[in-house]
Amino acid sequence: MNSAGGGNRSLQRGIEILRAFRQGIDVLGNGEIAERTGIPRATVSRLTRTLVQSGMLDDVRSERGYRLAAAVISFGHAMRVSSPVLNALGPMMRAESMRRKMNVGLATADRSMMVYLESVRFNPRVALRSVVAGQQVPMELTSLGRAYLAGISEQQRAGLLASFKRRRTGATQNLLAQVQTSIRSVKRDGYCAVSWQRGVLAVATPIIVKGLPVYALNMSMQNVPPTAQLSAEMGGYLLAFAKRCNEALATD
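Everything numeric here is computed off the predicted structure, so don't read it as measured data.

Cut-offs applied
- Residues numbered from 1 in each chain as written.
- Predicted model: local features only at pLDDT ≥ 70, side-chain atom pairs only at ≥ 80, totals over all residues.
- Heavy atoms only, no water.
- Disulfide = S-S within 2.5 Å.
- Core = buried A, V, L, I, M, F, W, Y, C linked by side-chain atoms within 4.5 Å.
- Buried < 20%, exposed > 50% of the residue type's maximum accessible area, 1.4 Å probe, protein only.
- Helix = DSSP H or I, 4+ residues; strand = E, 2+ residues; numbered from the N terminus.
- Contact = heavy atoms within 4.5 Å.
- Axes fitted to C-alpha atoms, helices over the stretch in contact; angles between N-to-C directions.
- Parallel < 35°, antiparallel > 145°, perpendicular 65-115°, else oblique.
- Left-handed = near helix turned anticlockwise from the far one by under 90°.
- Expected span 1.5 Å × (residues − 1).
- Polar contact = N/O pair within 3.5 Å; in protein donor to acceptor, adjacent residues only side chain to side chain.
- Salt bridge = Lys/Arg side-chain N within 4 Å of Asp/Glu carboxyl O.
- Phe/Tyr/Trp six-rings, centres within 6.5 Å; stacked < 30°, edge-to-face > 60°.
- Lys NZ or Arg CZ within 6 Å of the ring centre and 35° of its normal.
- Pairing = 2+ DSSP bridges.

Topic: the state of the cysteines
Okay, step 1: All chains considered together, the criterion is met by zero disulfides.
Okay, step 2: Between Cys245, a free cysteine, and Cys192, which holds the nearest cysteine sulfur, the sulfur-to-sulfur gap is 16 Å.

This is the structure:
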């Protein structure tokens, strides 16, 4: 059956079921999947059987639910290996992380979240959190997300801002004001600085190259005071590196 948008409705619903499995979620039953996706439970039951048969889900009978199958990880691996963006910027990010003694990350949007495409941690042994490729972070809370918002069209931005209102109704006005301040910072200075986790200061800037999606590049440090002076210093390093990244992608 085709949807109003011209796509295959069963395929779209199958993808929504796979999307229901996120970080920190191991096993989901049909009822939980139906609640998370808004798909009728009878339809979920039919589609999960199909996804098990196709190797995308494992049937966990002891828990009356499903978990993502090993085959799913092959998609991410294939994307990383074949991505011209990661092939061009990955080595540069690793070198810059060592040079500046900072964490360096590259991300793009997955709906209203940011998904890391690459994350180079300068010193993982003392990291406050482990960030890996494929991990999602909230767009509205992070430097990466706010830099991305500054790099997209006003129409796209308006739709995302509306989704943040639905997601975080308790702190809407204050949060949206912070987001707008960060967007203005990117427009004015080329980057924004955000300290959304205690002891972590991150600066980010959009990477905009014709013919490619909008990306966001960041640098972050841990156990540091989020001062304006340090933000400006990190921002200078970031913008110089971003210029080299843009040049590498434009000539790739």
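Structure shown, so let's carry the discussion forward.
A closer look at the nonpolar core
Okay, step 1: Core analysis: the largest hydrophobic core is formed by 27 residues, its most contacted members being Leu89, Leu106, Ile207, Leu217 and Phe241.
Okay, step 2: Those elements giving two or more residues to this core turn out to be helix H5 (84-100), strand S3 (103-110), strand S4 (113-120), strand S7 (200-207), strand S8 (215-222) and helix H9 (228-250).
Okay, step 3: For this core, the element with the most residues is H9, which contributes seven residues.
Okay, step 4: Discounting chain neighbours no more than four positions away, the residues touching Phe241 are Met92, Met93, Glu96, Val104, Leu217 and Met219.
Okay, step 5: With 25 residues, the next largest nonpolar core counts Val137, Met139, Leu176 and Ala216 among its residues.

Observations concerning the packing of H5 against H9
A pair of packed helices is captured by two measures, namely the crossing angle of their axes and the spacing between those axes.
Okay, step 1: Relative to each other, H5 and H9 sit at 155°, their axes nearing to 10 Å. It follows from the interaxial angle that H5 and H9 lie roughly antiparallel. Of the two elements, H5 crosses H9, and the hand of that crossing is right-handed. Contacts from Val85, Ala88, Leu89, Met92, Met93, Glu96, Arg99 and Arg100 of H5 reach H9 at Tyr237, Phe241, Arg244, Cys245, Ala248 and Leu249.

What about H5?
Okay, step 1: For H5, spanning 17 residues, the distance from its first C-alpha to its last is 24 Å, which sits close to the expected 24 Å at 1.5 Å a residue.
Okay, step 2: Val85, Leu86, Ala88, Leu89, Gly90, Met92, Met93, Glu96 and Ser97 are the residues of H5 that are buried.
Okay, step 3: Between the side-chain oxygen at the start of H5 and the backbone nitrogen of Val85 there is a gap of 3.3 Å, and the oxygen is on Ser83.
Okay, step 4: A positive backbone phi angle near 55° is found at Lys101, which sits one or two residues after H5.

Regarding the pattern of salt bridges
Okay, step 1: Enumeration according to the criterion identifies ten salt bridges in this entry.
Okay, step 2: For Glu96, the salt bridge goes to Arg100, with nearest N and O atoms at 3.4 Å. Placement of the pair is Glu96 and Arg100 together in helix H5, with a separation of four residues, close to one helical turn.
Okay, step 3: Glu96 serves as the salt-bridge partner of Arg244, at 3.3 Å between the closest nitrogen and oxygen. In this pair, Arg244 sits in helix H9 while Glu96 sits in helix H5, placing the two residues 148 residues apart along the sequence.
Okay, step 4: We classify Glu96 as buried; its relative accessible area is 2%.

Focus on the packing of aromatic side chains
The relative placement of two aromatic rings is captured by the distance of their centres and the angle of their planes.
Okay, step 1: With the rule as written, the count across this model stands at zero aromatic pairs.
Okay, step 2: Here the basic side chain of Arg100 rests over the ring of Tyr237, its NZ or CZ set 3.9 Å away from the ring centre.

Structural notes on the sheet that holds S4
Okay, step 1: A sheet is described by the order of its strands in space; here six strands give the open sequence S5-S4-S3-S8-S7-S6, paired in antiparallel fashion. The sheet is open, and its two edges are formed by strand S5 (136-138) and strand S6 (192-194), each paired on a single side. Neighbouring strand axes in the sheet, compared pairwise and without regard to direction, differ in orientation by 35° on average.
Okay, step 2: Bridge count between S3 and S4: seven bridges; the pairing is antiparallel. Bridging from a neighbouring strand, Gly105 pairs with Ser119 of S4.
Okay, step 3: Lying on the sheet, H5 is in contact with S3, S4 and S8; it crosses S3 at an angle near 150°.
Okay, step 4: Here helix H6 (residues 143-151) sits on the sheet in contact with S3, S4, S6, S7 and S8, set at roughly 25° to S7.

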